[in-house]
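# Summary of structural features
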Amino acid sequence: MKLDKKEILSALETITIAGEGKNMVESGAVRNVLTFGNEVIVELVINTPAMHIKKRAEDDIKKLIHEKFSPDAEVKVNIKVETPEKTNEIKGKAIPGISNIIAVASGKGGVGKSTVTANLAVTLAKMGFKVGVLDADIYGPSMPIMFDVENEKPISVEIDGKSKMKPVESYEIKILSIGFFTAPSQAVIWRGPMASKALNQMIFDAAWGELDFMLIDLPPGTGDIHLSIMQSLPITGAVVVSTPQAVALADAKKGVSMFLSEAINVPVLGIIENMAYFTPAELPNNKYYIFGQEGAKNLALDLQVPFLGEVPIVQSIREAGDYGRPAALQTGSVIETVFEEITRNVVEETVKRNETLAPTEAIKITTMAGCSAVKK
C-alpha cells in the first residue's frame, strides 16, 4: 500500500498529546510528515520534556499508522522539545538578601564533605565575602564541632515584627545546625517529614541577613533531605566531594546524576577530590596515592563537569576540624593555598553559571517525579 502524506496528516488529527486540548495537527505539534516508499518519518514538537508523554505520543503515532495504513510500515518519530520561554525570575521561596546558595554534597559518607564545606566557608570569608553555613546533615551534624561552637545556642531576635533565629557566628561565618538544639550525645531519630520541617525552620525562620554565599552541607546519599532542600530553595549550583577510590566514585556519580536529572535540574559547579594523596613531612617531594590516583578528576572528565581541585591527606586538617578551627585559617600553610585555589574555582564557576544560565527555580516534585522505579 502506498503511503500518502495527506492521508497520514488527516489520520494524525485523531491523536491528542497528553495535557493539550487540541489534536497534534491542529496544535502545530506535527511539523512535518515525510514518506519514502515503506518508510514514514513524523517530525513532532512538544512543550513538555516528560519522558512518559514523549513515549506515549510516539507509541500512538506508530500504532495509528500500522493499523490504518500498513502493519509493515517503518515508522520513525523525531520528537523535539521546545519549552515556552521563561522569565529569569526565581520562583519559590527565595531568601531575601542571599545571592548564591551552594549545595555541598557527596554520594558516600566519610569522604570529608563537611570538612571541605567548613574550609570553603572560611576561605570565602577571607576573600571578603559574606558567608553562611546551613548544616543540613540532620542525623550527623558536624559544623558545631568544626567551628568550636558546640555549646552555643541561637538567640531569638525580632525582625519586622516577627521572631527569628539569629545564626551563631564563628570566624565571621553565620551558622545554623540541628546540633545547636540537641545534646551532643543525643541521637536524632526522626522520619523524613520531621527532619524536613526542622530544616525549613532553620532556612526561613532565621535572620540570615545579607549573604554572598550560603553553603548547605547536605547529608550523604540522595534522599528526603536533598529533595526537601531543593523543593524549598532555588539552589545556584552543587559541589560534589569524593575521594579517589572506586567505591566512593560510584556514589559520587549518583550524586551528580541526581542534580542533573530532569526532575531536579540543578547545575553542578564541579567535583572536589578529597584525600587525593599523602606526602610525609620528611619526604616533601613524594606523593603516595593511598586511595587511588585522580579518580575524581577522571570522573569529572567523564561526566563533563568542572574539576575544582584536590585536597591532600594532611594531619593538620583533621586536627583543625577536631579543635574547631578550620585548617584553611592556617596562614602560610599548604592547606591555605589548596583551599584558596579550590575556592577561587568555585567562585569562578558560580559567576560563569550566573552569566550563562537563568536562576534555578525551587523544584516542584509530584508524587512520582524523580522516582527511577516508575516506568516511563
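Under the annotation held in an unreviewed UniProt entry, the protein carries the name Iron-sulfur cluster carrier protein and is attributed to Flavobacterium dankookense. On record in UniProt, under Function (unreviewed entry), the comment for the protein is "Binds and transfers iron-sulfur (Fe-S) clusters to target apoproteins. Can hydrolyze ATP."

## Some points on the side chain of Thr350
The topology assignment puts Thr350 in helix 10 (residues 334-356). Not counting the four nearest positions on each side in its chain, Thr350 is found in contact with Asn100, Ile102, Phe213, Thr236 and Leu269.

## Considering the UniProt feature "binding site: ATP" (unreviewed entry) in the protein
UniProt feature "binding site: ATP" (unreviewed entry): in the numbering of this structure it lies at Gly107, Lys108, Gly109, Gly110, Val111, Gly112, Lys113 and Ser114. Position of Gly107 relative to the elements: it lies in the loop between strand 4 (98-105) and helix 3 (113-126). With respect to the helices and strands, Lys108 occurs in the loop between strand 4 and helix 3. Judged by relative accessible area, which is 28%, Lys108 ranks as partly exposed.

## Quick notes on the pairing of strand 5 (residues 131-135)
In terms of burial, strand 5 is a largely internal element, 5 of the 5 residues being buried. The alternating pattern of strand 5 places Val131, Val133 and Asp135 and Gly132 and Leu134 on opposite faces, both of which are buried. With 5 bridges connecting them, strand 5 and strand 9 (residues 173-177) associate as parallel partners. Across the sheet, the residue bridging to Leu134 is Leu176, located in strand 9.

## Here's the deal with the sheet that holds strand 8 (residues 168-170)
Read across the open sheet, the 8 strands follow the order 8-9-5-10-4-11-12-13; overall the sheet is mixed. In this open sheet, the two edge strands, each paired with only one partner strand, are strand 8 and strand 13 (307-313). For this sheet, the mean angle separating the axes of adjacent strands, direction not counted, is 25°. One ladder, built from 5 bridges, connects strand 12 (residues 268-278) with strand 13; its direction is parallel. Residue pairing across strands places Glu273 opposite Glu310, the latter belonging to strand 13. Each of strand 4, strand 5, strand 9, strand 10 (211-217), strand 11 (237-242) and strand 12 is contacted by helix 3, which is oriented at about 170° to strand 10, the strand it contacts most. In the packing of helix 8 (residues 295-303) onto the sheet, contacts are made with strand 11, strand 12 and strand 13, and the angle to strand 12 comes to roughly 160°.

Conventions and cut-offs
Residues numbered from 1 in each chain as written. Predicted model: local features only at pLDDT ≥ 70, side-chain atom pairs only at ≥ 80, totals over all residues. Heavy atoms only, no water. UniProt positions renumbered as here; feature names shortened; annotations may be inferred. Helix = DSSP H or I, 4+ residues; strand = E, 2+ residues; numbered from the N terminus. Contact = heavy atoms within 4.5 Å. Buried < 20%, exposed > 50% of the residue type's maximum accessible area, 1.4 Å probe, protein only. Pairing = 2+ DSSP bridges. Axes fitted to C-alpha atoms, helices over the stretch in contact; angles between N-to-C directions.

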